[in-house]
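Now for the letters of each chain:
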Amino acid sequence: MSDTIKDAKGRTIEVRELTGREMSRMARLAGNAWGANEWTSQTVARASVVSINDIPPPPRLMTIDDLDALWDAVDNTAMIAAAQWIMARQESAMADAKNSSAPQASESVTGS
């Protein structure tokens, strides 16, 4: 499932949630750089972009060169729009969880 958003340049950006496999592949390719929060966040945001004005970025991330090409294909403006979409989805999921009928965490522990 994907969503369509606009970036600050007015371009149509199609975005989607990454799969676990995609996240794992990026982490393995990135190696030690994966823990660098800013780099990781921007790479995940860029990888979530399906297309910019119907033009897709590189199709698969298989090598370090593919990661570099992704950064070239998805500029900062599109990346920021994708990052905002990701944050909005996370905030929505947290709000849904807080408003669910599931039992909430207790401040006190009972039982044996």
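You'll find the structure just up there.
Residues numbered from 1 in each chain as written. Predicted model: local features only at pLDDT ≥ 70, side-chain atom pairs only at ≥ 80, totals over all residues. Heavy atoms only, no water.

(A) Just the layout of surface pockets, in detail. The calculated volume of the largest pocket comes to roughly 290 Å³. If you go around the largest pocket, you meet 16 residues; those closest to its centre are Arg16, Glu22, Pro59, Arg60 and Leu61. Listed by contribution, the elements that provide at least two residues to the lining of the largest pocket are α1 (20-30) and β3 (49-52). By volume, the second largest pocket is sized at about 190 Å³. Every residue lining the second largest pocket is listed: Arg16, Glu17, Leu18, Met23, Val44, Ser48, Trp85, Ile86, Arg89 and Gln90. Take the lining of the second largest pocket: its biggest share by element is 4 residues, from helix α4 (residues 76-98). Looking at the lining of the second largest pocket residue by residue, the classes come out as 5 nonpolar, 2 polar and 3 charged. (1 Å grid on protein atoms, 1.4 Å probe; cavity = no way out; pocket = protein on both sides within 12 Å on 5 of 7 lines; lining within 4 Å. Points joined across faces, edges and corners; volume = space filled by probe spheres on them. Helix = DSSP H or I, 4+ residues; strand = E, 2+ residues; numbered from the N terminus. Nonpolar A, V, L, I, M, F, W, Y, C, P; charged D, E, K, R; others polar.)

(B) Structural view of the pairing of strand β1 (residues 2-6). When β1 meets strand β2 (residues 12-16), the two strands line up antiparallel, connected through 5 bridges. Counterpart to Asp3 in the pairing with β2 is Val15. The turn joining β1 and β2, which pair antiparallel and follow one another in sequence, is formed by 5 residues; a positive phi near 85° is taken by Gly10. (Pairing = 2+ DSSP bridges.)

(C) Highlighting the pattern of salt bridges. Within this structure, the stated rule accounts for 5 salt bridges. In this structure, Arg11 and Asp7 form a salt bridge, with 2.6 Å as the shortest nitrogen-oxygen distance. Of the two residues, Arg11 and Asp7, neither departs from the other in class, the shared state being buried. Here Asp75 and Lys9 are joined by a salt bridge, their closest N and O atoms 3.1 Å apart. Taken together, the positions of Asp75 in the loop between α3 (64-73) and α4 and Lys9 in the loop between β1 and β2 put the pair 66 residues apart, joining distant regions of the chain. (Salt bridge = Lys/Arg side-chain N within 4 Å of Asp/Glu carboxyl O. Buried < 20%, exposed > 50% of the residue type's maximum accessible area, 1.4 Å probe, protein only.)

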